[in-house]
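These are the residues of each chain, in order.
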Amino acid sequence: MGYTHLNNSYGSTNTRFSPASLAGIQSKIMIDLQLDRNSTFERWSMPVRDSFGEFLTNADYVANEFSYYGIRMGLIGSTVLPGIGPIGMGFHYAPLTHLIYQYSEEVRGSYSIEDGEYASKDPTVGYQNLKTVGSPIVNTLGGGIKLGFLGDIDLSIGGALNIVQSTKVTDEVSIDTLYSEVINLSTQLDMNTSADMPSGNFMTYSTAIKFAPNIQFGASFEEEMNTTTNVYSWSIDSTNGLFKYFEDSSYVTKGVNYLKPKILTVALSYVSNLENMMSINFEYNQVFYNDHLNLQDYNQYKFGFEYLTHTGIPIRGGLMYRQTEIPAIKPVSIFTFGSGKSIGNFMVDITGTYCFQSFSYPDLFPVEGDIRSD
C-alpha cells in the first residue's frame, strides 16, 4: 500500500519498521516468509543528429535486463502482562539493501563485403561487461508494549536492535574480444576485486496511538549506520555530480562507503466501519544523509489504500513520490499494487511495484578515439 510500512506492516516486518505494533498482534505465535524478485530493465541511448546538426532521436545502443532475489522471514509472539498490558516480541531477517548491478554492451565493428560474399557489414566484435554483487543482511530483534494503565488512551511504544551482517562486495570488469584485433572496444584490462564490508548496528524506535477506534497515528525514528569496506575508492564526475566507474580509462570504483541514513517517519491511517472495509493511509519520511559523499537529504510522500470486497479479497494500491539523494537525478514516482487471500491459518499476499527513471550519464566504457564525445 504505497510503502506505508509504519501503520501497515504485518507479521515479523513490524519488528523492523514498527516495533510498537508488536503489542497489538492477535496471534500468540506467527511465522512468515516472503520471497522477493526485483527485475531491472535498462536502456542506454545516444543522441542522433542529421547532417545539419539537428537532433533526430535517442538511439539505443545497450539493452540490459537483470534480476535479483531476496528472502524475508521471521517469528513474532505476544502475551499479556497483568497490570501492564499486552506485549509482543519479534525477530526479522531481511536484506538491508542491495549493491547488485549487471551491464553488458554488445560492440560492433565494420567489414567490407565483396561482390557475391555473404557477411554482415557491422559484425559483433566483442562485449564490454561490468558486474557488481553484494547484499548486506539485517537481523532485527525488537519488542513493543501497549500501556494499558493510561485509561482510555490507546498508546503503544517499542524499540528494536538491527544488526547488519558483514558481507562481501565484488566488482568484475571483462572485455570479451571475438577477434584478434581490438576494434571499437575499450582497452580496459579485465579485473576482479572484492572487498569486505564489516558488520554494524542501529536502533529503531516507534510509537502508535489511536485517537478513535478507526484513526491511528504513528511515528518512528531510525538511527544511521555507517560502514566502509576494507578496500574502498570512488570518484564523482564534476560535470553532473554522479558517481564514476572509470577515470582516464582506469577503473576507480572499489568497495563501498555505505551510510544507512537516519530516517524520521510519521503516519496517519483511517479505517472505515463499513461492511466493505476501506483503509486510507498517509506516510511521510524525512531521510538524512548530512551531505555524506555529496548525498543530499530528501523526503518521501506515500499514499496507500486497501478495499476489502464482499468476497473477503482485498484490493490494494498506492503511490510513493520520492525525491533523490543525488541532485542530478529527478524525483521518481513509484506505483504499488497487490492483493491477498486467507486460507485457514495461512495468509498469502502478492504485491508488485513499478517505477521509471531517466537521466544523463556518460558512456560507461570509454574507447580511445571515440568521435561521440557527448
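Residues numbered from 1 in each chain as written. Predicted model: local features only at pLDDT ≥ 70, side-chain atom pairs only at ≥ 80, totals over all residues. Heavy atoms only, no water.

1. Here's the deal with the nonpolar core
(1) Moving on: Counting residues in hydrophobic clusters, the biggest one holds 17 residues, and the most contacted among them are Trp44, Tyr103, Leu130, Val173 and Phe365.
(2) Moving on: Of all the secondary structure elements, the ones that give two or more residues to this core are strand E2 (55–81), strand E4 (101–108), strand E5 (124–133) and strand E8 (167–177).
(3) Moving on: Leave out the neighbours within four places in its chain, and phenylalanine 365 touches Tyr103, Glu105, Gln128, Asn129, Leu130, Val173, Ile175, Ser186 and Phe246.
(4) Moving on: Counting 10 residues, the second-largest nonpolar core is a separate cluster that includes Leu99, Val138, Phe202 and Val256. (Core = buried A, V, L, I, M, F, W, Y, C linked by side-chain atoms within 4.5 Å. Buried < 20%, exposed > 50% of the residue type's maximum accessible area, 1.4 Å probe, protein only. Helix = DSSP H or I, 4+ residues; strand = E, 2+ residues; numbered from the N terminus. Contact = heavy atoms within 4.5 Å.)

2. Some thoughts on empty space enclosed by the protein
(1) Moving on: Per the counting criterion, the structure on display carries one cavity of 30 Å³ or more.
(2) Moving on: The calculated volume of the largest cavity comes to roughly 40 Å³.
(3) Moving on: Looking at side-chain class alone, the lining of the largest cavity contains two nonpolar, four polar and one charged residues. (1 Å grid on protein atoms, 1.4 Å probe; cavity = no way out; pocket = protein on both sides within 12 Å on 5 of 7 lines; lining within 4 Å. Points joined across faces, edges and corners; volume = space filled by probe spheres on them. Nonpolar A, V, L, I, M, F, W, Y, C, P; charged D, E, K, R; others polar.)

3. Here's the deal with the environment of glutamate 42
(1) Moving on: By the secondary structure assignment, glutamate 42 is in strand E1 (residues 29–49).
(2) Moving on: Take glutamate 42: its relative accessible area is 17%, and that puts it in the buried class.
(3) Moving on: Glutamate 42 sits 21 residues away from alanine 63 along the chain, and the two C-alpha atoms are 5.8 Å apart.
(4) Moving on: Apart from residues no more than four positions distant in its own chain, glutamate 42 is found in contact with Val62, Ala63, Asn64, Tyr101, Gln102 and Tyr103.
(5) Moving on: In terms of polar contacts, glutamate 42 uses its side chain to reach the side chain of tryptophan 44, at 3.2 Å. (Polar contact = N/O pair within 3.5 Å; in protein donor to acceptor, adjacent residues only side chain to side chain.)

4. Here we look at the side chain of serine 174
(1) Moving on: Summarising the element assignment, serine 174 is placed in strand E8.
(2) Moving on: Those residues in contact with serine 174 that sit more than four places away from it in its chain are Tyr127, Gln128, Asn129 and Asp190.

5. What about the environment of isoleucine 71?
(1) Moving on: Within the secondary structure, isoleucine 71 is located in strand E2.
(2) Moving on: Once the C-alpha coordinates of isoleucine 71 and leucine 33 are considered, the two residues, 38 residues apart in sequence, prove to be 7.4 Å apart.
(3) Moving on: Aside from chain neighbours lying at most four places away, what touches isoleucine 71 is Leu33, Gln34, Leu35, Tyr93, Ala94 and Pro95.

6. Overview of the pattern of salt bridges
(1) Moving on: Evaluation of the coordinates by the stated rule reveals 11 salt bridges.
(2) Moving on: In this structure, arginine 316 engages glutamate 306 in a salt bridge whose closest nitrogen and oxygen atoms are separated by 2.6 Å. Residue arginine 316 is located in strand E19 (residues 314–322), and its partner glutamate 306 is located in strand E18 (residues 298–308); the two are separated by 10 residues in the primary sequence.
(3) Moving on: A relative accessible area of 14% places glutamate 306 in the buried class.
(4) Moving on: Linked by salt bridges that have partners in common, Arg16, Glu222 and Lys260 make up one network. (Salt bridge = Lys/Arg side-chain N within 4 Å of Asp/Glu carboxyl O.)

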